[in-house]
Amino acid sequence: MTELVERLGEIADVDISVVEAPSYDRLAQLIHHGEIDLAWVPPIPLIALAQNQRVVPLVTNHRAGQEFFPCAIIVAAGSKIDSLAGLASKRAAWVDIHSAAGFVLPRIELAAKGVDLSTLRERFYGGHEAIVRAVASGRADFAGTFARKVRGTVTGAWSQMSGLAESIKVIATFGEIPPDAIAARFDMDLTLRETLTKSLLAMAKTEPELLRAAIGADDFKRPKRQLYEPFQALVMAAYGRGELATSATRDDAILRAAATIEQRPPEADATQEMPAIEIDDDEP
């Protein structure tokens, strides 16, 4: 990541330093309070931050030539679990309450398949590699994580982890999650914003291996609003049905989309429509 940022600074002729955020929550807070200028933002925080006029996405991350990516449910290679129905009462390893593939979409899918979510024994591990290790070591029975599907082959975080790829099996893939984005602070100078955008797009053409090593992306594209709107509606409907409230979170009364940055009272209607994400639809 440091190498990618240094290279971006060279191309854009801007000094950029790296700040590591330990969680989605902390990342959202840093952006919300204007303490960082540029960030790699997952889709759920991106939607909320954009609607609250805290960021403007510059480019979206595309993997294996695909605009969307699916979620995978993984278990240990020797597990007898072979379907989503078999996950009731099992130990779940999640990434973060704002992780689309590592919590939100898996819970929505499990509910749709009739799994009683209240029976799950859940724990958040903070990262995709961490949940792979939890499953492989037997500390968790299953986990939700991002995946890539190319010509029938499913890969994910486990595929790049030395010694662990053979310890994991995928029992289901589903969903269409819109891409992560590299986003700028909302009030960033427009000229600088466009310079960074063009520099990122140029890097995708000249240094794809660096992108892949740093953030798992094969290409950058200018953002399109329509990629996010169906997912946004899906998530808000699930919040309204209570499918994303869990005793493993800090607040299990009403868990709202991007609760870390939405300053709304707990009694607010969780089913109300979220404003559309403000993303430039124009291609370069």
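Please refer to the structure higher up on the page.
Described in the following lines is the structure provided in the data block. Within any chain, residue numbers begin from 1 and follow the written order of that chain's sequence. Restriction of local features to residues with pLDDT of at least 70 applies here, the model being predicted, together with a cutoff of 80 or more for giving and counting side-chain atom pairs; totals for whole chains, interfaces and linings are based on all residues. Side-chain metrics in this entry use all non-hydrogen atoms of the structure; hydrogen atoms and water are not considered.

Structural notes on unusual backbone geometry
- Its identity is not glycine, yet Asp-13 carries a phi of approximately 60 degrees, on the positive side.
- A run of H or I in DSSP counts as a helix once it spans at least four residues, and a run of E counts as a strand once it spans at least two, with each numbered from the N terminus. Residue placement: Asp-13 occurs in the loop between helix H1 (2-12) and helix H2 (24-32).
- Exposure is judged per residue with a 1.4 Å probe applied to protein chains only, and the accessible area is read against the type maximum: over 50% gives exposed, under 20% gives buried, and values in between give partly exposed. Classification of Asp-13 by relative accessible area gives exposed; the value is 72%.
- Of note in the backbone geometry, Arg-151 takes a positive phi value of approximately 50 degrees without being a glycine.
- You can call Arg-151 exposed: its relative accessible area is 80%.

As for the packing of helix H6 (residues 190-206) against helix H7 (residues 208-215)
- Lines fitted to the C-alpha atoms define the axes, with helices restricted to the stretch that makes contact. Angles between their N-to-C directions range from 0 to 180 degrees. Two numbers describe how H6 lies on H7: the axes approach to 5 Å, and their chain directions differ by 105 degrees. Taken together, the axis directions place H6 and H7 in an arrangement best described as roughly perpendicular. Counted together, Met-203, Ala-204, Lys-205 and Thr-206 of H6 and Pro-208, Leu-210 and Leu-211 of H7 form the full contact between these two elements.
- Of the residues belonging to the contact of H6 with H7, the class tally is five nonpolar, one polar and one charged. Small angles under 35 degrees read as roughly parallel and large ones over 145 as roughly antiparallel, with 65 to 115 read as roughly perpendicular and the rest as oblique. Contacts are assigned to residue pairs that have any heavy atoms within 4.5 Å of one another. Charged residues are taken to be Asp, Glu, Lys and Arg, nonpolar residues to be Ala, Val, Leu, Ile, Met, Phe, Trp, Tyr, Cys and Pro, and polar residues to be all remaining types, Gly included.

Here we look at the pattern of salt bridges
- Salt bridges are defined as contacts in which a side-chain nitrogen from Lys or Arg sits within 4 Å of a carboxyl oxygen from Asp or Glu. Summed over the entire model, instances satisfying the criterion amount to 14 salt bridges.
- When the shortest N-O distance is used, the salt bridge between Glu-122 and Arg-107 registers 3.0 Å. One end of the pair, Glu-122, is in strand S5 (residues 121-124); the other, Arg-107, is in helix H4 (residues 100-112), with 15 residues separating them in the sequence. Each member of the pair Glu-122 and Arg-107 is classed as buried.
- Asp-219 is the partner of Lys-221 in a salt bridge, and the nearest nitrogen-oxygen pair spans 3.4 Å.
- For Lys-221, a relative accessible area of 35% puts it in the partly exposed group.
- Take Asp-219: its relative accessible area is 15%, and that puts it in the buried class.
- One salt-bridge network, in which partners are shared between bridges, spans Arg-7, Glu-10 and Glu-207.

Topic: the pairing of strand S2 (residues 55-62)
- Burial of S2 is extensive: eight of the eight residues sit out of reach of the surface.
- Inspection of the sheet shows S2 paired to strand S9 (residues 181-185) by five bridges, in the antiparallel sense. Paired with Pro-57 across the two strands is Ala-183, which belongs to S9.
- Two strands are counted as paired when DSSP detects at least two bridges linking them. Pairing of S2 with strand S10 (residues 219-221) involves three bridges; the strand directions are antiparallel. From the neighbouring strand, Asn-61 faces S10, where its bridge partner is Phe-220.

Observations regarding the nonpolar core
- Definition used in this section: a nonpolar core is a set of buried Ala, Val, Leu, Ile, Met, Phe, Trp, Tyr and Cys residues joined via side-chain atoms within 4.5 Å. Grouped together as the largest cluster of nonpolar side chains are 65 residues, with contacts concentrated most on Leu-110 and Phe-142.
- Considering every element that reaches this core, the biggest residue donor is H4, with seven residues.
- Each residue touching Leu-110, except ones within four places of it in the same chain, is listed here: Leu-84, Leu-87, Trp-94, Val-115, Leu-117, Leu-120 and Phe-142.
- Membership of the second largest hydrophobic core comes to 20 residues, among which are Leu-58, Leu-201, Ile-215 and Ala-217.

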